[in-house]
Amino acid sequence: MSQTRPRRGLAPDVKTAALAAARRAGLPGGASVQPPGAALGQAQKQVSKQAPSVATSVAPNVVPDLASRLASERLPPQTPDPSVAQRQTFSAPSSRAADAGAGQTARSPLGRASAEEEAPVDGSARGRISGAEGGLAPADLAAVGPVPAASGDLSDRGTRLGGGPSSGPISGPTSGCPAASDSRPRGVHRLEDWQQMQAIDRATRALGLASPYFRLHEGRAEARSRIAGQECLNFASYDYLGLNADPRPRAAAGAALERYGLSASGSRMVSGSRPAHVALEAALARHYGCEAALSFVSGHATNVSLIATLMGEGDLILSDAYVHNSITTGAALSGAARRSFAHNDLAALARILENARPLHRHVLIVVEGLYSMDGDLPDLPGLLALRDRYDAWLMVDEAHALGPVGATGRGIFEHFGVDPGAVDIWMGTLSKTLAATGGYVAGSGDLIRLLAHRAPGHVFSVALPPVLAAGAAAALALMAEEPWRVKKLQANGAHFLARARALGLDPGGGQGYGVLPVMVGDSVLAARLSERLLARGVNVAPVTFPGVPMGAARLRFFLSADHEPAQIDEALGLCAEELAALRDDGLGRLFSGAAPRPTASGDSP
Ligand SMILES: Cc1ncc(COP(=O)(O)O)c(C=O)c1O
């Protein structure tokens, strides 16, 4: 499994490139004797809050200024790269960032009586919320030039938005349009996101970093996988109970495929359901002790659609600072006011509720049952108490908790011994433990009726393919029938925690439930570490800014019941060895000003 370790340390040309990048950005360090860390640190302060898709610590350090310079330059032609899977720009959209959009209104959807229903809507809560997480607002677009009209012939625009010299001029307002010889960027190249992606791409190439994203698995991504011809241990796929490879869900899916075909061929409301939908939803409702459940074709779309349907102008959405992008996107689209509270800080949540509850019609609190970046749990009983005290609704996203959390994997309610019927809205995905694709909501019969008739992702989108509904239902049944899977996953989690700490690695907030971080700090360090580990036969993805706060980059290990303790030992041993080597070479110091070396106890500074 282990292979020759790649050359250690930053090559001199990489250091030179970093300094040159600082110099090009017009930073003092580029021209003077300042150490690179200090010079690049100044650029870090310039990170724009309107750059949610800038990933990597190259971004915090050197990219913002490069990006703003590039905004006024013409970018070179972009040639599609056939090997993009291996050499993609080392940038990923934030899983937590979202932009705001149009508002909607909704009324008392949950079947719970609410005294606030008749209360007047407060003007302060109205309209688009300027998200602290940023994004391109219409004003930003206006600043970079004319853009296509919001409606019109999308097929036409699709080609033209490819940009580049071969693209024709964009349709739309002609006054002020650049002449054909104008050297300003065109099409998609005008967008800040594009320009930042390009800047990151250049910076990462200058640093000699390969992209850690879009790696190509040649077969099933299980505890082992084959990536680019190389066998490796795989910790980057969330098949928590090892059911993706199990023949039984596949057999159930195969039978559904034969019976119903590949697609549901339309929205449930218009084109009708299949028995596979009904069976899955009944099983999910039983699981959560709720009256009903509803499936959607995508987990992400479930959150977007659900939240935007329930909440609207005059309402307030309060979400944990670490919730997934699908939640913040749904909140932004709803038109409700939205606030986030510090991760798992119920005192902070209570303060907001105390001040803001009287000003809003409906209030929705949204948390996750197992946090997908940190691997920790919310205080469900505490949240229920606040929900009751302030007459709010509580929604729990169980995407990662179903399977890993609770003695038999039933989720966060089982962990705390709470009646699942006490939670207003359960949301989850079929794509993790249930080895399929899609999302679901479970709750009161009236909530589900409302969503089935009003949620755009249900009404205006094709139904979950019956083949996936059948496979997911079989996986859910197996979770209950074979409790050893949950026990083994949890034993693997406990083993990981103990081993990581023994090696001086910092597992952050990870509590041993399937998602386990190894905190690294600097984003470039995390990316380089992931690259080194792949070269030695371990596939684990880095999570970098802005997916996590700056300075909190990590490797994120997804564990499975299929992993063996010896495989975890091997991966962590290599991780500790490579991380120490990279830190000895000063990589952490170069990009963050200080090397976040773990203490003997494994705590990060
Ligand atoms: C907490 C959470 N909710 C929702 C989603 C979206 O689910 P899906 O990937 O199945 O669309 C994810 C995705 O990872 C997630 O982590």
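Computed from a predicted model, the values in this text were never measured in an experiment. (Residues numbered from 1 in each chain as written. Predicted model: local features only at pLDDT ≥ 70, side-chain atom pairs only at ≥ 80, totals over all residues. Heavy atoms only, no water.)

Participant: Before we go on, may I ask you to explain the overall build of the protein in this structure?
Facilitator: The secondary structure content of the protein amounts to 23 helices and 13 strands. Counting over 605 residues, the protein shows a buried share of 55%. Across the protein, the fraction of contacts at a sequence separation of at least 24, relative to all contacts at a separation of at least 6, is 74%. Carbon and sulfur atoms make up 56% of the accessible area of the protein, which totals about 23,700 Å². (Helix = DSSP H or I, 4+ residues; strand = E, 2+ residues; numbered from the N terminus. Buried < 20%, exposed > 50% of the residue type's maximum accessible area, 1.4 Å probe, protein only. Contact = heavy atoms within 4.5 Å. Areas by Shrake-Rupley, 256 points an atom, 1.4 Å probe, with all protein chains shown as cover.)

Participant: Can you help me understand the side chain of Ser530 in this one?
Facilitator: Counting through the fold element by element, Ser530 comes out in helix H21 (residues 523–535). You can call Ser530 buried: its relative accessible area is 0%. If near-sequence neighbours (up to four positions away) are discounted, Ser530 is found in contact with Pro212, Arg215, Val540, Ala541, Pro542 and Leu555.

Participant: Even after reading the chapter, I still don't get the site of the ligand, so can you show me in this structure?
Facilitator: Near the ligand you find 14 residues, and of these His300, Asp397, His400, Ser431 and Lys432 are the closest. At a separation of 2.6 Å, a nitrogen atom of the ligand approaches a polar side-chain atom of Asp397. Protein contacts shield 87% of the accessible area of the ligand, which totals 390 Å² for the unbound molecule. Taken together, the residues that form the shell around the ligand break down as two nonpolar, nine polar and three charged. (Near = heavy atom within 4 Å. Polar contact = N/O pair within 3.5 Å; in protein donor to acceptor, adjacent residues only side chain to side chain. Nonpolar A, V, L, I, M, F, W, Y, C, P; charged D, E, K, R; others polar.)

Participant: Is there a simple way to explain the sheet that holds strand E11 (residues 538–539) in this structure?
Facilitator: Think of a sheet as strands paired side by side through backbone hydrogen bonds, with each pair either parallel or antiparallel. Strand order in the open sheet formed by three strands is E1-E2-E11, and the pairing between neighbours is mixed. What marks the edges here is a single partner per strand, and that holds for strand E1 (224–227) and E11. Two elements, E1 and strand E2 (residues 230–234), share four bridges in a ladder whose sense is antiparallel. From the neighbouring strand, Ser225 faces E2, where its bridge partner is Cys232. (Pairing = 2+ DSSP bridges.)

Participant: Any chance you could explain the sheet that holds strand E4 (residues 316–320) here in plain terms?
Facilitator: Ordered by their spatial adjacency, seven strands build an open sheet running E3-E9-E8-E7-E6-E4-E5, and the pairing between neighbours is mixed. Strands at the two margins of the open sheet, each flanked by one partner only, are strand E3 (292–296) and strand E5 (337–341). When the angles between neighbouring strand axes are averaged without regard to direction, this sheet yields 20°. As defined by bridge partners, strand E8 (residues 425–429) adjoins strand E9 (residues 439–443) across four bridges and the pair is classed as antiparallel. Counted as the bridge partner of Met427 is Val441 from E9. (Axes fitted to C-alpha atoms, helices over the stretch in contact; angles between N-to-C directions.)

Participant: Would you mind showing me how to read the side chain of Asn492 here?
Facilitator: Residue placement: Asn492 occurs in helix H20 (residues 484–502). Sequence-distant contacts of Asn492, defined by excluding residues within four places in its chain, comprise Leu559, Ser560, Ala561, His563, Glu564, Pro565 and Ile568.

Participant: Quick question: what am I supposed to make of the packing of helix H12 (residues 299–310) against helix H17 (residues 445–454) here?
Facilitator: When two helices pack together, their arrangement is given by the angle between the helix axes and by the axis-to-axis distance. The contact between H12 and H17 brings their axes to 11 Å, and the two run at 105°. Between H12 and H17, the angle is such that the two are roughly perpendicular. Mapping the contact onto sequence places Leu306, Thr309 and Leu310 in H12 and Leu447, Leu450, Leu451 and Arg454 in H17. (Parallel < 35°, antiparallel > 145°, perpendicular 65-115°, else oblique.)

Participant: It is not clear to me how helix H22 (residues 565–584) should be interpreted in this structure. Could you clarify?
Facilitator: If you check H22, its first and last C-alpha atoms are 28 Å apart, about what 20 residues at 1.5 Å a residue would give, namely 28 Å. Among all positions in H22, only Gln567, Ile568, Ala571, Leu572, Leu574, Cys575, Ala576, Glu578, Leu579, Ala581, Leu582 and Arg583 are buried. Of the residues flanking the end of H22, it is Gly586, one or two places downstream, whose phi is positive at about 85°. (Expected span 1.5 Å × (residues − 1).)

Participant: Looking at this structure, how should I read the pattern of salt bridges?
Facilitator: Note on pairing: side chains with opposite charge can pair once their charged atoms come close. Per the counting criterion, the structure on display carries 21 salt bridges. A salt bridge links Glu578 to Arg536, with the shortest nitrogen-to-oxygen separation between them at 3.0 Å. A residue pair is termed long-range when its members are at least 10 positions apart, and Glu578 in helix H22 and Arg536 in the loop between H21 and E11 qualify at 42 residues. In this structure, a network of salt bridges that share partners links the residues Asp246, Arg248, Glu482 and Arg485. (Salt bridge = Lys/Arg side-chain N within 4 Å of Asp/Glu carboxyl O.)

Participant: Before we go on, may I ask you to explain the confidence of the model for the protein in this structure?
Facilitator: Detailed reading of the predicted model is not advised wherever pLDDT is low. With 67% of its residues at a pLDDT of at least 70, the protein reaches an overall mean of 76. The low-confidence segment residues 164–177, where pLDDT is below 50, has 17 contacts with residues more than four positions distant or belonging to other chains. (pLDDT = per-residue confidence, 0-100.)

Participant: I tried to follow the nonpolar core on my own but got confused; where do I start?
Facilitator: If you look at soluble globular proteins, the nonpolar side chains tend to sit buried side by side. Judged by nonpolar contacts, the single largest core of 121 residues is most densely connected at Leu380, Trp426 and Phe557. With eight residues, H22 is the largest single contributor of residues to this core. Summarising the domain contributions, this core has at least three residues from each of domain 2 (224–240 + 483–592) and domain 3 (269–481). (Core = buried A, V, L, I, M, F, W, Y, C linked by side-chain atoms within 4.5 Å. Domains from an automatic or database assignment.)

Participant: Honestly, the packing of aromatic side chains in this entry has me stumped. Any pointers?
Facilitator: Tallying each qualifying case throughout the model produces eight aromatic pairs. Aromatic ring contacts, followed pair by pair, group Tyr288, Phe413, Trp426 and Tyr440 into a single cluster. The residue whose ring lies beneath Lys432 is Tyr238, and the NZ or CZ to ring-centre distance is 4.4 Å. (Phe/Tyr/Trp six-rings, centres within 6.5 Å; stacked < 30°, edge-to-face > 60°. Lys NZ or Arg CZ within 6 Å of the ring centre and 35° of its normal.)

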